[in-house]
Structures are given as C-alpha cells and as structure tokens.
Amino acid sequence: MSPKAAVAASASAAKLEAALRTVIRGKDEVVRLALVCILARGHLLIEGVPGVGKTTLGQALARALDCSFQRVQFTSDMLPSDVVGISVYSAAAQEFEFKRGPVFTNVLLADEINRTTPKTQSALLEAMNEGQVTVDVHSFPLPQPFLVIATQNPVEHHGTYPLPESQLDRFLMRVRMGYPDARAEREILRSEAGAAQLENLRPVLAAADILEMQHAITQIRVDDSLVSYALEIVRKTRESEQLSLGVSPRGSQMLYRAAQAMAFLEGRNFCVPEDFKPLAVPVFAHRIVVSGLYSSTLKKAEQAEQVMQEIVNSVAVPV
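All of the points below concern the structure found in this document. Please read all numbers here as calculations on a predicted model, not as lab measurements. (Residues numbered from 1 in each chain as written. Predicted model: local features only at pLDDT ≥ 70, side-chain atom pairs only at ≥ 80, totals over all residues. Heavy atoms only, no water.)

1. As for the packing of aromatic side chains
Alright, step 1. A full pass over the atoms with the stated rule returns three aromatic pairs.
Alright, step 2. Centroid distance tyrosine 89 to phenylalanine 96: 5.3 Å. Interplanar angle 70°. Geometry classified as edge-to-face.
Alright, step 3. For the pair phenylalanine 98 and phenylalanine 104, a centre-to-centre distance of 5.9 Å together with 70° between the ring planes defines the contact as edge-to-face.
Alright, step 4. The exposure class of phenylalanine 104 is buried, given its relative accessible area of 13%.
Alright, step 5. Positioned above the aromatic ring of phenylalanine 270 is the side chain of arginine 268, whose terminal nitrogen or guanidinium carbon lies 5.8 Å from the ring centre. (Phe/Tyr/Trp six-rings, centres within 6.5 Å; stacked < 30°, edge-to-face > 60°. Buried < 20%, exposed > 50% of the residue type's maximum accessible area, 1.4 Å probe, protein only. Lys NZ or Arg CZ within 6 Å of the ring centre and 35° of its normal.)

Here is the structure:
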C-alpha cells in the first residue's frame, strides 16, 4: 500500500472514529481500541459496571458501519442453540432446515457473557476463531466482517461463570470502560449523548470498505526490531515467576495485527514502537494467569495488568 493510499484510507477510518465519539463521550481510548479490533479482524471484551455505555458502543459501531447488529443477553438458562441456531424439521419440505441464530450478524453484542454456562460460552469459540458455525456436520460461514463485543460486570460475581483461558484467548483485547470524568459526564447530560445521538447516527462506511481496510492492514510494514521487541515481551511473560501462564503464540499474532491496525489509523504504511507498546497490556493482560504465590490486594484482572505493565516497562524499546 502506497503512502498516499494509506493516508486516504486512514482518513475514512478517522471519519468513522469521529462519528463514534459523538455518541461515546469521554472514552476516546476505548473507541480507538474498538476500531483497532475490527480492523485487525479481532474481538473485544469490555469490562465495566452497568450504565457506562458498553451496549451503546456496540450499537453505534454497527450503525456507523452500515452493518447488521444483534444483541444477546446471556443468562444461566441459555443453550448453545439460542446463539448459533437450530435444525428444525419442515413437514412441507420433509427435511431438516437450519434456523440461523443471532450469531449470524456483522456485530454481535454478547452482553454479560460470564452469566451463561461454559457450554453456551463455548458455542462462540468456533465462530470467533474461524468465522463459521458447525451444526449437524454442516458448516455455515458467518457474514464478514464479523466482530464480537462481549461485556462483563467485574464487580458482581454471584451467579457468574468466569471465562476460561481458551475463551479469553479468542478476544484480541480486553478494555475497561469505567465512569466518565466530570467534564465528559456534563457533556453527556447537556447533549443527551447516548441513545438520543445514536438515533441520529448515519452510516459512514460500508461492510465492503471495512473488508478492504482489513486487507490493506496486512500490508503494513513491520521491522524485524519491532518483531523482536514483541517476542521479548512474550518470552518474559512465560518465564516470569509471578505468572503461572504466559502469553500464547496466538497472543503474539494478535499484537502484531493490532499494531498494524494502529499504524493504519495513524495514516502510516509502517509500524513504529508507539504502535506496539500501548497495546501490549490490553492485548496480553487477559491471556496471562497470575501465580497463586503472588500476593496482592488487587483483583485478579488488576493484578494481571500490573504485572504485564511491569514486564512491558522492563523491555527496552527499539530505537
């Protein structure tokens, strides 16, 4: 991709980002990371208390992309067929017909994903990793682009099922969507941002435009020194005494793609260290497991982020 083409494409992505910021106030970093996820063909896990805009972000992204959107409110009594679909016998055709579930969409909001059983959680594994669903030995491709935005409440743990490591590894990154600051909350009240602004949001890009950008991102140049930098961080997570589980090879691939997407959003056709370092914690923190020997008053997620940040700071940035 030529520098001129990179600038033109990133300008289109900038319009999308600006449109999302009219709805999601005071959370520019979360909006940027959500765009990185979809451009890098990844999925996003958002942690936050109720009412901070997690659902609104998913709906705004679908509207701005002119894509289909489905929301699934996960509960403890949900079955895998409630997500992927089910085969129903048709008396007229005298054969089984597959009735597609809500997973057949471009943007799927899996609301409070940790409230459903591991059996139902696992229904999303194939969809997130391979972009298809297999039911009764038949495979059905999902619409492209396909993005899962999952939310979970980190405060309340009654009646929840923590996501296993294999499920967490499918998410490109985990971000926190906390309370807005005083200025942003004042803007929300004054401008009635959120639902009111969401109704006025118009499509900025088509699904085909996103697919073109996803292909263009694979051509972003990454120097060998940056690859070595990322792999050094990964190696330290696997050798750290504070961790019982380090970053997987899938995690290093995710960081590579996310850095390419970040460079694209900045209008460059090459990566720099600033594309890698800020993404290391949101991409890696949910893939590691802190050892039980490591004592801390922080919650597990916060412990992982703290250890991950220390590891990132200990690795020299290539010049």
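2. Some remarks on unusual backbone geometry
Alright, step 1. Residue proline 145 is bonded to the preceding glutamine 144 through a cis peptide linkage, with omega at 0°.
Alright, step 2. Relative to the helices and strands, proline 145 resides in the loop between strand S7 (138-141) and strand S8 (147-152).
Alright, step 3. Phi at aspartate 66 is positive, roughly 55°, even though this residue is not glycine.
Alright, step 4. Within the element layout of this structure, aspartate 66 appears in the loop between helix H3 (54-64) and strand S2 (69-73).
Alright, step 5. The phi dihedral of glutamate 112 falls on the positive side, at around 50°, and the residue is not glycine.
Alright, step 6. With respect to the secondary-structure elements, glutamate 112 resides in the loop between strand S5 (107-111) and helix H5 (118-121). (Helix = DSSP H or I, 4+ residues; strand = E, 2+ residues; numbered from the N terminus.)

3. Thoughts on the sheet that holds S5
Alright, step 1. Spatially, the five strands line up as an open sheet ordered S2-S5-S8-S1-S9, and their pairing is parallel. Looking at which strands have only one partner, the edges of the open sheet turn out to be S2 and strand S9 (173-176). Averaged over all neighbouring strand pairs, the angle between strand axes comes to 20°, with direction disregarded.
Alright, step 2. As paired strands, S2 and S5 are joined by five bridges and run parallel to one another. Paired with glutamine 70 across the bridge in S5 is leucine 108. (Pairing = 2+ DSSP bridges. Axes fitted to C-alpha atoms, helices over the stretch in contact; angles between N-to-C directions.)

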